[in-house]
Amino acid sequence: MRLRRRPRPRPQHRKRRVATRLLRLLLCGVLAGLVVAAGLLPVAIVTGGLAKAGSDTWENLPVDLATPLPAQTSYVYASDGKTLITTFYDENRRDVTLDQVAPVMRQAVVAAEDTRFYQHHGVDVKGVARAFVSNSRGGAQQGASTLTMQYVRNVLKNNPGLTPQQHLDALADTPARKLREMKLALALEQRLNKNEILQRYLNIAYFGAGAYGIYAAAQTYFGKDPADLSLAEAAMLAGVLQSPDIDNPMSGDRDKALQRRAYTLDSMAKMHAVTPVVAAAAKATEVRLTEHRPPNDCTAVDTAHNDWGFFCDYFRLWWNSQAEFGNTPTERDEALRTGGYSIVTSIDPGIQAAALSQSLGVYGYGNARSLPLAVVQPGTGRVLAMAVNRHYSLEANPPQHPNYPNTVNQLVAGGSGVAGYQAGSTFKMFTMLAALESGRPLNTHFNAPARIPTIWPGDGSSGCGGRWCPANDTPSWMDGDRTMWNGFGRSVNTYFVWLEEQVGADRAIEMAQRLGIVFRDDHDAGLAANAAAWGSFTLGVASTTPLDLANAYAAVAAGGVYCQPLPVLSIKDADGKTLDAGTPKCRQAVDPDVAAAATDAARCPVSKGSVYGKCDGGTAEGVSGILAGRPVAGKTGSSEYNATETFVGFTPQIAAAGIAVNPDNPNDYVGGGVSSSVDTAVAQTMAFALRGVPVQNFAVPSRARAMGA
């Protein structure tokens, strides 16, 4: 076997290694002599401990020191990628590269903390000797920590894997801790150059006022990026590093902060980083603080965009369900607060404003009733808007109004205890899709009676002879020979209950679940478990949400392609890598021709737009006027006694749904009179979303799917 020669170190590496060894020997000698004189440490600890520093190579360093992972702030933006919605953090921190930091800031930190930073090799022997002499003579106490040693200390104390005692040990003022820092600093400087160490130090250091790292510090104190800091501002920030909680000008001692700034500027002048004249001018500069603290979490969304809080809350719920960010919701939430992600969400500020305006036009902030409204993009599942007449806030409500105008309940998307609301006849879509999929054409005829006895048991007002017997709301307009076109257009209950009997309630329920309808209510989930017996399902008695409903109809608009609802456009990690979690998750859930046929029938409630000319009356024909010149489809829905009123509409490019309801009192029926207002609010929101968007036509269903063999 031929042995490989070990590569010879390059000349600069050999020089550095020799210098480091000499430094260790010198340091051991100095410390040993000083320690013997002062009786501070056993000689064996000093000479033995540092003499072994050569074995502390980069590969043997603690993993968090070799590859530090300090907590960083995650930033959440609107769809323009610029408008900040909020941030999430445990520590307010965002890493930057050294070229993103003003040169005066770099110089100020060196001047304030380690003037010989570029001369030593991790441990400053002169500094150690000077500190010892001063301290042993009873003078002002001096430290001898270099920037490299301070960086080591910061990494170790921020290691999330340490026990509470280990955290205390990492900060304890003991000889053992100092020796370990020296050893690790020497080893660190064998691998990293000075600028790399300075960059890491600037990103991990605490600057007071809750600001970790230079980016957060520059933003918190002065409202600017670190690249834009002036000399006076840089010196102020560098000055607080020695005692960040006491010396900072925002929450600490302002006079002491000015003294530390003056010290830093004088030190910069001695280092010839600035002239004495420039330093003096900076000392005389007035401190102007912005006291800008970034928002944290959804309740901190800017008051000007408080309505975005419900979308933010949905985003957080979505994030905590994504396995890519951890094994449990707790781990995922921690990743959001510490991972330094840059997240561009799907919320469109313009569409959101339009949706909120339309929702408030139906019920204002002071009304217990509401119109939660959601807008979704077919083909991607991206959520473009979520609006409701509530303030997203933890503030108290008036005694007579326990749940409004302030709430953080998820009224639009459901979850966190909100099951949703009955959406009435909008669920007939799932029965129609199941029937079409089973081979029945749109032209399936049935002479719909005013009331129909079914195969399912029933009693009371909806029963006849022990069977469930639903009725049509307006017999004179609904009864008679119907097909899927005019049965859907006129919302004929008895036609769709009959159709559900033909295809099976279980298939209608399975279709709804396939298109993303979630049974959050325990009673509904129990009925779905015995799906074949749930005959009333087609009439929309299950609880749903505007978001689920809009997204289910969006799948029909997209030719049967179902996409999971998605609140983001892109997600980048702290290293700038784009993550797959921001990519739409879509699948062909329904045959394209089935979806095209259902769409053709869904044009009947809102217009006479069926390509086969089979529409003869609809429940929301005014919608076509609002969206004039565009193909549009949709469906109205009224729950029993008009407790809720719903409309869901779609074009090939947009889908939206709104449900008028009292979320806190199901016995407060909104009444049928609000139905047209709901239709208009949803349609106007869609019209705004489609401004400037080219007209796109629906796919034409095959003649066989429409008319049969």
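It should be noted that the structure appears before, not after, this text.
Residues numbered from 1 in each chain as written. Predicted model: local features only at pLDDT ≥ 70, side-chain atom pairs only at ≥ 80, totals over all residues. Heavy atoms only, no water.

Q: Tell me about the overall build of the protein, and name the residues and values.
A: When helices and strands are tallied, the protein shows 28 helices and 19 strands. Considering the protein as a whole, with its 709 residues, one finds that 54% of them fall into the buried category. Excluding contacts between residues fewer than 6 apart, the proportion of contacts in the protein whose partners are at least 24 apart in sequence is 70%. Only carbon and sulfur atoms are counted for the fraction: they give 51% of the accessible area of the protein, which is about 29,900 Å². (Helix = DSSP H or I, 4+ residues; strand = E, 2+ residues; numbered from the N terminus. Buried < 20%, exposed > 50% of the residue type's maximum accessible area, 1.4 Å probe, protein only. Contact = heavy atoms within 4.5 Å. Areas by Shrake-Rupley, 256 points an atom, 1.4 Å probe, with all protein chains shown as cover.)

Q: Go over the pattern of salt bridges with me, naming the residues and quoting the values.
A: Scanning the model with the defined rule gives 20 salt bridges in all. The partner of E113 in a salt bridge is R260, with the nearest N and O atoms 3.8 Å apart. Residue E113 is located in helix α4 (residues 103-113), and its partner R260 is located in helix α13 (residues 254-270); the two are separated by 147 residues in the primary sequence. When the shortest N-O distance is used, the salt bridge between E189 and K194 registers 2.8 Å. Taking the relative accessible area as the measure of exposure, E189 reaches 3% and is therefore buried. For K194, a relative accessible area of 13% puts it in the buried group. Among the charged side chains, a network of salt bridges with common partners joins D297, D333 and R337. (Salt bridge = Lys/Arg side-chain N within 4 Å of Asp/Glu carboxyl O.)

Q: Could you give an account of the side chain of E91, naming the residues involved and the relevant values?
A: Within the element layout of this structure, E91 appears in the loop between β2 (84-88) and α4. In this structure E91 comes out as buried when scored by relative accessible area, which is 18%. There is a polar contact of 2.2 Å between the side chain of E91 and the side chain of R93. Setting aside residues no more than four positions away along its own chain, E91 makes contact with A71, Q72, T73, N158 and Y212. (Polar contact = N/O pair within 3.5 Å; in protein donor to acceptor, adjacent residues only side chain to side chain.)

Q: How would you sum up the sheet that holds strand β3 (residues 342-345)? Please name residues and give values.
A: Taken in spatial order, the four strands line up as β2-β1-β3-β15 in an open sheet, and their pairing is mixed. Only two strands of the sheet have a single partner each, and these edge strands are β2 and β15 (568-572). When strand polarity is set aside, the average angle formed by the axes of neighbouring strands in this sheet is 15°. One ladder, built from four bridges, connects β3 with β15; its direction is antiparallel. Within β15, the residue paired with I343 across the bridge is I571. (Pairing = 2+ DSSP bridges. Axes fitted to C-alpha atoms, helices over the stretch in contact; angles between N-to-C directions.)

Q: Tell me what's going on with the nonpolar core, and back it up with residues and numbers.
A: Within the largest apolar cluster, 103 residues are counted, with the highest numbers of intra-cluster contacts made by M432, L515 and I571. Here this core gets nine residues from one element, more than from any other, and that element is helix α24 (residues 546-557). Leaving out residues up to four positions away in the same chain, M432 has contacts with L442, M484, F488, F496, L499, A598 and A601. F117, F207, Y221 and A238 belong to the second largest nonpolar core, which has 56 residues in total. (Core = buried A, V, L, I, M, F, W, Y, C linked by side-chain atoms within 4.5 Å.)

Q: Tell me about the state of the cysteines, and please be specific about residues and values.
A: Summed over the entire model, instances satisfying the criterion amount to four disulfides. One disulfide in the model links C298 with C312; its S-S distance is 2.1 Å. Judged by the sign of its S-S torsion, about -80°, the bond between C298 and C312 is left-handed. You can see C298 sitting in the loop between α14 (276-283) and α15 (308-319) and its partner C312 sitting in helix α15, a full 14 residues away along the chain. In this structure, C298 and C312 share a single accessibility class: buried. Between the sulfur of C563 and that of C586 lies a disulfide, 2.1 Å long from S to S. Judged by the torsion about the S-S bond (105°), the C563/C586 disulfide is right-handed. With a gap of 23 residues between them, C563 in strand β14 (residues 561-563) and C586 in strand β16 (residues 586-588) connect regions that are remote in the sequence. With relative accessibility at 3%, the residue C563 sits in the buried group. Counting only the cysteines that form disulfides, in the order they appear in the protein, gives the pairing 1-2, 3-4, 5-6, 7-8. (Disulfide = S-S within 2.5 Å.)

Q: Give me the lowdown on the environment of D169, citing residues and values where you can.
A: For D169, the location among the structural elements is in helix α7 (residues 164-171). Looking at D169, the relative accessible area reads 42%, which means it is partly exposed.

Q: Give a detailed account of the sheet that holds strand β4 (residues 373-376), specifying residues and quantitative values.
A: Within the open sheet, the five strands sit side by side as β5-β4-β19-β18-β17. Their pairing is antiparallel. Among the strands making up the open sheet, the edge pair consists of β5 (383-387) and β17 (633-638). The sheet shows a mean angle of 5° between the axes of neighbouring strands, taken without regard to direction. In this sheet, strand β19 (residues 655-660) lies alongside strand β18 (residues 645-650) in antiparallel orientation, the contact comprising six bridges. By the bridge assignment, F647 is partnered in β19 with G658.

Q: Requested: an account of the pairing of β4, with residues and values cited.
A: Side chains L373 and V375 of β4 all project onto a buried face; the interleaved residues A374 and V376 project onto the opposite face, where all are buried too. As defined by bridge partners, β4 adjoins β5 across four bridges and the pair is classed as antiparallel. Residue pairing for β5: L373 is matched across the bridge by A387. Between the end of β4 and the start of β5, which pair antiparallel, lie six residues, with G379 showing a positive phi angle near 90°.

Q: So what's going on with helix α8 (residues 175-188)? Residues and values would help.
A: Here α8 spans 20 Å end to end across 14 residues, near enough to the 20 Å set by a 1.5 Å rise per residue. Within α8 the residues assigned to the buried category are R177, L179, E181, M182, L184, A185, L186, A187 and L188. (Expected span 1.5 Å × (residues − 1).)

Q: Any details on the environment of E621? Residues and values, ideally.
A: Relative to the assigned elements, E621 resides in the loop between α25 (592-602) and α26 (623-626). Relative accessible area serves as the criterion here: at 31%, E621 is assigned to the partly exposed category. For the pair E621 and K608, spaced 13 residues apart in the sequence, the C-alpha separation amounts to 8.2 Å. The residues contacting E621, other than those within four sequence positions of it, are P605, V606 and K608. Among the polar contacts listed, one links the side chain of E621 to the backbone nitrogen of G618, at a separation of 3.2 Å.

Q: Could you give an account of helix α9 (residues 194-204), naming the residues involved and the relevant values?
A: Within α9, the full set of buried residues consists of K194, I197, L198, Y201, L202, N203 and I204. Residues of α9 that are buried sit in contact with α4, α6 (147-157) and α10 (213-222). A side-chain oxygen of the first residue of α9 lies 3.1 Å from the backbone nitrogen of N195; this N-cap is N193.

Q: I'd love a proper account of the packing of aromatic side chains, names of residues and values included.
A: One pair of aromatic rings is described through two measures. These are the centre distance and the angle between the planes. Across all of its chains, the model carries 26 aromatic pairs by this definition. Ring-pair connections join several aromatic residues into one group, and the members of that group are F88, F315, W318, W319, F325 and Y341. K635 extends its terminal NZ or CZ atom over the ring of F488, reaching a point 5.5 Å from the ring centre. (Phe/Tyr/Trp six-rings, centres within 6.5 Å; stacked < 30°, edge-to-face > 60°. Lys NZ or Arg CZ within 6 Å of the ring centre and 35° of its normal.)

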